[in-house]
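Okay, here's what each chain looks like letter by letter:
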Amino acid sequence: MKKRMLADIAKEHCSGKIFENISMKLYTTMHVGGFAQIVAVPAGFEDVCKLVQLAGQEKLPWYIIGCGSNLIIKDGGIEGMVILLSDPVFCKMHVSGNIVRVGGGLFLWKLIDNMRDRGLSGLELLSGIPGTVGGCIRMNAGANGKTIDETLLTVKCVNSKGELEVLDQKAISFDYRSAQGLVDKIIIEAEFACAHSDTGNISQTISICRLKRRKSQPGGLSAGCIFKNSEGLSAGSLIELAGMKGIEYGGAKVSERHSNFIINRGDAKASDIIKLMEKVQEGVWNKLKVKLEPEVLIIGRD
Ligand SMILES: Cc1cc2nc3c(=O)[nH]c(=O)nc-3n(C[C@H](O)[C@H](O)[C@H](O)COP(=O)(O)OP(=O)(O)OC[C@H]3O[C@@H](n4cnc5c(N)ncnc54)[C@H](O)[C@@H]3O)c2cc1C
């Protein structure tokens, strides 16, 4: 089906916004990637259901993106539809006792700050992770010895048939940076079980976590840690031991400050970053016989 027709049909199915030919650079923290054929910004869960159903009928690939902080989108862009939960309807928060219900599109830092203001503890050790609630649950984001699944109770999502589903935390199969039970699903809402605590203490923890990041992580355009830690060894130290710290390819560079970060120096293409990742993997394998597995997700076409 022609692109024009698809976008028109998508508009009929969505009371939110539909855009065509959008550069994905603007939607990832690494600032690389080609164009997406269609970008849909649904205005409610009904829109999400209808868009997924339409995609199924028209055999149109779809992809949900949070704030793109764990993504490398290839230079050929994305064929099909990108769905963004950036409408305020997906960024709401509701508190009942110690249970926090929150939209999948809300930035994690906003949730944590809001919880602090209400004296609710449970996620503050994850302060500084620049993802959305949906993206963080899908990636089982973690920091300082804590992962998001530990506080999660339930997830409301739209499945690949375009139907609403509520999943219990235990039904999801969380692992290191993965959530098997959420593949091909769009998280529109989540519930967390928090604990009442002192706002000052929560605030202090948040400050310590943010400061720790500022000291150890480089600024600039990145996707956070590029590789998963392996067999209890930090990927950063393996990269450093293999002498790959600071190496460059095109516009991409392995950070001098944190070896598990690749920085886009401004003009990197996705292919530069992917090539540099391969070089790092090769170097670590040749020197240390350890296979580094990417933590970032690489999507799209060449
Ligand atoms: C500077 C920096 C520091 C970082 N530090 C950490 C860290 O300490 N710990 C850590 O774990 N990660 C870290 N990250 C990586 C990243 O922030 C996390 O992986 C985060 O969970 C990604 O969220 P996102 O919304 O950006 O998701 P995206 O990168 O947009 O997407 C990641 C995956 O989640 C899926 N997804 C997104 N939204 C939804 C949704 N609503 N429903 C279902 N699936 C969805 C996408 O399809 C994709 O598969 C860091 C990144 C940066 C740039």
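Please read all numbers here as calculations on a predicted model, not as lab measurements.

Engineer: Could you give me a rundown of helix 2 (residues 45-57), with the residues and numbers involved?
Structural biologist: Taking 1.5 Å as the rise per residue, helix 2 with 13 residues should run 18 Å; its terminal C-alpha atoms sit 19 Å apart, in good agreement. Those residues of helix 2 that fall on the buried side of the exposure criterion are Asp47, Val48, Cys49, Leu51, Val52, Leu54 and Ala55. Positive backbone phi, at 50°, marks Lys59, one or two positions downstream of helix 2.

Engineer: Help me get a handle on the site of the ligand, residues and values and all.
Structural biologist: Close contacts around the ligand come from 34 residues, with Ile64, Gly66, Ser69, Thr132 and Gly142 the closest. At 3.4 Å from an oxygen atom of the ligand is found a main-chain nitrogen or oxygen belonging to Cys136. Arg213 is positioned such that a nitrogen or oxygen atom in its side chain is 2.8 Å from an oxygen atom of the ligand. Protein coverage of the free-state accessible area of the ligand, which is 960 Å², stands at 93%. Among the secondary structure elements, those contributing two or more residues to the shell around the ligand are strand 3 (62-65), helix 4 (133-138), strand 9 (142-143) and strand 15 (186-193). A per-element tally of the shell around the ligand places helix 4 first, with four residues. Each of two domains, domain 1 (3-87) and domain 2 (91-216), supplies a minimum of three residues to the shell around the ligand.

Engineer: Would you mind going over the sheet that holds strand 12 (residues 164-168) in detail, with residue names and values included?
Structural biologist: On the basis of which strands lie adjacent, the open sheet formed by five strands has the order 6-7-15-11-12 and antiparallel pairing. Every other strand in the sheet has two partners, leaving strand 6 (93-96) and strand 12 as the edge strands with one partner each. Strand-to-strand twist in this sheet, taken as the mean axis angle between neighbours without regard to direction, amounts to 15°. Judged from the four bridges that link them, strand 6 and strand 7 (residues 99-103) form a sheet pairing that is antiparallel. Bridge assignment links Val95 to a residue of strand 7, and that residue is Val100. Packing of helix 2 onto the sheet brings it into contact with strand 11 (152-158), strand 12 and strand 15, and relative to strand 15 it is tilted by some 135°.

Engineer: Quick one: what's the story with the pattern of salt bridges, residue by residue and with numbers?
Structural biologist: Applying the stated rule across the entire model yields 13 salt bridges. Among the ionic pairs, Lys74 bridges to Asp302, the shortest N-O distance being 3.3 Å. Of this pair, Lys74 sits in the loop between strand 4 (71-73) and strand 5 (78-84) while Asp302 is found in the segment after strand 20 (297-299), placing the two residues 228 residues apart along the sequence. For Arg177, the salt bridge identified is with Glu295, shortest N-O distance 3.3 Å. Linking Arg177 in the loop between strand 13 (174-175) and strand 14 (178-179) with Glu295 in the loop between helix 7 (270-288) and strand 20, this pair joins segments that are 118 residues apart in sequence. A relative accessible area of 16% places Arg177 in the buried class.

Engineer: Give a description of helix 5 (residues 199-216) that names residues and reports values.
Structural biologist: End to end, helix 5 covers 26 Å across 18 residues, agreeing with the expected 26 Å (1.5 Å per residue, within 8%). Buried within helix 5 are the following residues: Ile202, Ile206, Cys209 and Arg213. One side of helix 5 carries all its buried residues, which in axial view fall inside an arc of 65°. When the buried face of helix 5 is taken as reference, the exposed residues oriented beyond 90 degrees from it are Ile208, Arg214 and Lys215. Along its buried surface, helix 5 packs onto helix 3 (108-117), strand 8 (120-121) and strand 9. The N-terminus of helix 5 is capped by Asp198, whose side-chain oxygen sits 3.2 Å from the backbone nitrogen of Gly200.

Engineer: I'd love a proper account of the side chain of Asp113, names of residues and values included.
Structural biologist: As for its placement among the helices and strands, Asp113 is situated in helix 3. Judged by its relative accessible area of 14%, Asp113 is buried. Only 3.0 Å separates the side chain of Asp113 from the side chain of Arg210, close enough to count as a polar contact. When neighbours within four sequence positions are excluded, Asp113 is seen to be in contact with Ile206 and Arg210.

Engineer: Give me the lowdown on the nonpolar core, citing residues and values where you can.
Structural biologist: Formed by 32 residues in total, the largest nonpolar core has its most connected members in Leu111, Ile137, Val155, Leu182 and Phe192. Within the residue set of this core, elements represented by two or more residues are strand 7, helix 3, helix 4, strand 11, strand 15 and helix 5. Not counting residues up to four positions away in its chain, the partners in contact with Phe192 are Asn98, Ile99, Val100, Val102, Leu111, Leu123, Val133, Ile137, Ile148, Thr151, Leu152 and Leu153. Core analysis: the next-biggest nonpolar cluster, separate from the first, contains 25 residues, Ile239, Val254, Ile273 and Val296 among them.

Engineer: I'd like a rundown of the domain arrangement of the chain, residues and numbers included.
Structural biologist: A common way to state how big an interface is: give the accessible area lost once the parts meet. If you check the domain split of the chain, you get domain 1 (3-87), domain 2 (91-216) and domain 3 (235-299). Taking the mean C-alpha position of each, domain 1 and domain 3 sit 29 Å from one another. Domain 1 puts 11 residues into the contact, and the matching count from domain 3 is 14 residues. Summed over both partners, the interface of domain 1 with domain 3 buries about 1100 Å², with 65% contributed by carbon and sulfur atoms. Per-residue buried area on domain 1 facing domain 3 is highest for Met30, Asn70 and Ile72; these three make up 50% of the total on that side.

Conventions used here
Residues numbered from 1 in each chain as written. Predicted model: local features only at pLDDT ≥ 70, side-chain atom pairs only at ≥ 80, totals over all residues. Heavy atoms only, no water. Helix = DSSP H or I, 4+ residues; strand = E, 2+ residues; numbered from the N terminus. Expected span 1.5 Å × (residues − 1). Buried < 20%, exposed > 50% of the residue type's maximum accessible area, 1.4 Å probe, protein only. Near = heavy atom within 4 Å. Polar contact = N/O pair within 3.5 Å; in protein donor to acceptor, adjacent residues only side chain to side chain. Areas by Shrake-Rupley, 256 points an atom, 1.4 Å probe, with all protein chains shown as cover. Domains from an automatic or database assignment. Pairing = 2+ DSSP bridges. Axes fitted to C-alpha atoms, helices over the stretch in contact; angles between N-to-C directions. Contact = heavy atoms within 4.5 Å. Salt bridge = Lys/Arg side-chain N within 4 Å of Asp/Glu carboxyl O. Arc of directions from axis to C-beta. Core = buried A, V, L, I, M, F, W, Y, C linked by side-chain atoms within 4.5 Å. Buried area = accessible area lost by both parts, 1.4 Å probe.

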